[in-house]
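Commentary on secondary and tertiary structure
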Amino acid sequence: MKKNELTDKYYGKGSKGFYAALGISAVMIGAACLFAHKQGDRITQVKPSAEKNSIVHEAAVDKRVTNIPKTTAAHAFPVTTAATAPKITEIPQQTIPAAEITVDAPFSENSFFEQAQPAAADLSGAAAPLADIGNILNDFSNGELVKNATTGTWQTHNGTDIAAEVGADVFAIADGEIRSVTNDPLWGVSVVIDHNNGYISKYRGLGADLAVKQDDKVSRGDIIGCVGETADIESSLAPHLHIEVIHDGKFVDPMSVTSYN
């Protein structure tokens, strides 16, 4: 087959030119890509910084904020000036303690004892408070001060001390009602009878076993209890009954009642 020299020459030259152009284009495209890649990296590096700056300076709008700590305002307390207390003048006490009472001379007032105010006695038909009333240890003092053998103090003796054995029966001297049954700090177990005629009788230093209680009704001669040793204020004496009789608020001699004689 016969070659076409012109055609082969033309195409031979054309091929060399084509490849040359293609190489130049490839170089240009590579350069363009490299430039674009560098520009992209630059934009990426700049964008976060811009966004960061925009976030920092951006103010929140129409958004309710919670959990904000409250500030506590300092309380102002009023300063008051201490009031000056008025000076109090002590009032001297009138009661003389037993420990400070002299035993060498009588005294006129003693809060431990009731003062006797003599009055006429008239309790008709009264019975004796004991089966035997013949041994009197201390008489009714009729308002006079006498020395107490136990305490060493001077006082009125508002009743009569009648000696008796411990456990001897004690009788109601007249009809009446039991007003009170108590254990007195000084006089021990005590029974008070209201005879409902202005007279009251008191039985002191009884034993703990009583035959009556408050509000009981009693008749003349009824047993109310027995002789004891509970009256500390007369503990230095032999066993006895201390009996008192009061008429219209005044002490009278228990032995002056007619039935005792």
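Let me sum up the structure you'll find in this document. (Residues numbered from 1 in each chain as written. Predicted model: local features only at pLDDT ≥ 70, side-chain atom pairs only at ≥ 80, totals over all residues. Heavy atoms only, no water.)

Moving on: the overall build of the protein chain. When you go through the protein chain residue by residue, the secondary structure sums to 1 helix and 12 strands. Going from N to C terminus, the protein chain has its helices and strands arranged as α-β-β-β-β-β-β-β-β-β-β-β-β. In the protein chain, the proportion of contacts linking residues at least 24 apart, taken out of those at least 6 apart, comes to 68%. For the protein chain, the exposed surface amounts to about 18,300 Å²; the carbon and sulfur share of it is 56%. (Helix = DSSP H or I, 4+ residues; strand = E, 2+ residues; numbered from the N terminus. Contact = heavy atoms within 4.5 Å. Areas by Shrake-Rupley, 256 points an atom, 1.4 Å probe, with all protein chains shown as cover.)

A separate point is the nonpolar core. L130, V170, I173, I193, Y203, I224 and L241 are the most contacted members of the largest nonpolar core, which totals 27 residues. Elements supplying a minimum of two residues to this core: β7 (188-194), β8 (199-206) and β11 (240-247). Sequence-distant contacts of V170, defined by excluding residues within four places in its chain, comprise P129, L130, Y203, L206, D222, I223, I224, G225, C226, V227 and L241. Grouped together as the second largest cluster of nonpolar side chains are 5 residues, F140, V192, I200 and F251 included. (Core = buried A, V, L, I, M, F, W, Y, C linked by side-chain atoms within 4.5 Å. Buried < 20%, exposed > 50% of the residue type's maximum accessible area, 1.4 Å probe, protein only.)

To continue, consider the side chain of H157. Its place among the elements puts H157 in the loop between β3 (154-156) and β4 (160-163). A polar contact of 2.9 Å, which involves the side chain of H157, links it to the backbone oxygen of D139. When near neighbours in sequence (up to four residues on either side) are disregarded, H157 contacts N138, D139, F140, S141, N142, E144, V146, E234 and H242. (Polar contact = N/O pair within 3.5 Å; in protein donor to acceptor, adjacent residues only side chain to side chain.)

Let's shift gears to the pairing of β4. Residues T160 and I162 line one face of β4 and the alternating positions D161 and A163 line the opposite face, and both faces are buried. In this sheet, β4 lies alongside strand β1 (residues 136-138) in antiparallel orientation, the contact comprising 2 bridges. Looking at β4, one finds that I136 is bridged to I162. Examined bridge by bridge, β4 and β11 share 4 bridges and lie antiparallel to one another. In the sheet register, D161 faces β11, and the bridge partner there is H242. (Pairing = 2+ DSSP bridges.)

Here the focus is the pattern of salt bridges. Counting across every chain of the model gives 4 salt bridges. Ionic pairing is found between E244 and R204, a salt bridge with its closest N-O pair at 3.9 Å. Highlighted residues: E244 in strand β11 and R204 in strand β8, separated in sequence by 40 residues. In this pair, the class of E244 matches that of R204, namely buried. For K213, the salt bridge is made with D216, and the minimal N-O distance between the two is 3.3 Å. A residue is classified by how much of its surface remains accessible, and K213, at 54% relative accessible area, is exposed. (Salt bridge = Lys/Arg side-chain N within 4 Å of Asp/Glu carboxyl O.)

Before going further, it helps to examine unusual backbone geometry. One non-glycine residue, D215, lies in the positive phi region at around 80 degrees. As for its placement among the helices and strands, D215 is situated in the loop between β8 and β9 (217-218). A positive phi angle, close to 50 degrees, is found at D248, a residue other than glycine. Positionally, D248 belongs in the loop between β11 and β12 (250-252). Of the residues examined, D248 reaches a relative accessible area of 57% and is grouped as exposed.

On to the environment of I136, then. Its location among the elements puts I136 in strand β1. Residue I136 is classed as partly exposed on the basis of its relative accessible area, which comes to 27%. Each C-alpha atom of the pair I136 and H240 lies 9.0 Å from the other, and the pair is 104 residues apart in sequence.

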